[in-house]
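# Close look at the chain arrangement
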Amino acid sequence: MSLRLTAASEADLPFARDLTRRGMLRYYCQFDLLWMDEAFDQAWGWREQWLVMNGEDRVGFCSLSQDSRALYIRELHIVEGARGQGFGGWVLQELDSWATRRHLPLLRLTVFKSNPARQLYRRHGFTEEGADECFVRMQRALR
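Residues numbered from 1 in each chain as written. Predicted model: local features only at pLDDT ≥ 70, side-chain atom pairs only at ≥ 80, totals over all residues. Heavy atoms only, no water.

## Quick notes on the overall build of the protein
A count of helical and extended segments in the protein gives four helices and seven strands. When the helices and strands of the protein are listed from N to C terminus, the series reads β-α-α-β-β-β-α-β-α-β-β. The globule rule puts the C-alpha radius of gyration for 143 residues at 15 Å, and the 15 Å found for the protein is close to it. Considering only C-alpha atoms, the protein reaches an extent of 40 × 35 × 30 Å along its principal axes. In the protein, buried positions account for 50% of the 143 residues. Restricting the contact set of the protein to residue pairs at least 6 apart, pairs at least 24 apart contribute 58%. Between the mean site of the 20 positive side-chain charges and the mean site of the 19 negative ones, the protein shows a separation of 6 Å. (Helix = DSSP H or I, 4+ residues; strand = E, 2+ residues; numbered from the N terminus. Rg over C-alpha atoms; globule rule 2.2 N^0.38 Å. Buried < 20%, exposed > 50% of the residue type's maximum accessible area, 1.4 Å probe, protein only. Contact = heavy atoms within 4.5 Å. Lys, Arg positive; Asp, Glu negative; His and termini not counted. Charge placed at Lys NZ, Arg CZ, Asp CG, Glu CD.)

If you want it as structure tokens, here you go:
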């Protein structure tokens, strides 16, 4: 594996939108939410967008924002054929390092209650901090 995070460009927006929609649509349907491409596209402009690369192959995408206390993982998606190979865990470790270098004490995310990725986040030290009918808010305190 030759993994790295590479800044996404405007040309990567269709890839990221499609990957996110395909990964999230079942949860949107489950919780009777409406997916809107326009909302995704609008967030593209104000968040940090990163491609997960394995060599020259795009194997995923993550979207970030931050405030004075935390680095927020807004999206983290791995292409179906690359799941289960440790790419998601690698991204979480990398983002932990990024948050530390930015002097942020927390790494935070929100995940659908029924998303099995919750197990991945727990294995990487995230704790559940709150929930509503659809989502669980999770965070990890950094060293």
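## Focus: the sheet that holds strand E2 (residues 48–54)
As summarised here, the arrangement of the seven strands in space is E1-E2-E3-E4-E5-E7-E6, forming an open sheet in which the pairing is mixed. Each having just a single partner strand, strand E1 (3–7) and strand E6 (127–131) make up the two edges of the open sheet. Strand-to-strand twist in this sheet, taken as the mean axis angle between neighbours without regard to direction, amounts to 30°. Sheet analysis places strand E3 (residues 57–66) next to strand E4 (residues 70–78), joined by seven bridges and oriented antiparallel. Bridge pairing links Gln 66 to Leu 71 in E4. (Pairing = 2+ DSSP bridges. Axes fitted to C-alpha atoms, helices over the stretch in contact; angles between N-to-C directions.)

## Brief notes about the pairing of E6
Looking at chain direction, E6 and strand E7 (residues 135–141) are connected through four bridges and run antiparallel. Residue Gly 130 lies in a different strand from E7, and its bridge partner there is Arg 137. Here E6 folds back onto E7, and the loop between the two strands holds three residues.

## Concerning the pairing of E7
The pairing of strand E5 (residues 106–112) with E7 spans seven bridges and is classified as antiparallel. Bridge pairing in E7 links Thr 110 to Arg 137.

## Brief notes about the side chain of Glu 75
Along the chain, Glu 75 turns up in strand E4. With a relative accessible area of 17%, Glu 75 lands in the buried category. Of note is the side chain of Glu 75, whose polar atom sits 2.8 Å from the side chain of His 77. Once residues within four sequence positions are removed from consideration, Glu 75 is found in contact with Thr 20, Phe 40, Arg 47, Phe 61, Cys 62 and Ser 63. (Polar contact = N/O pair within 3.5 Å; in protein donor to acceptor, adjacent residues only side chain to side chain.)

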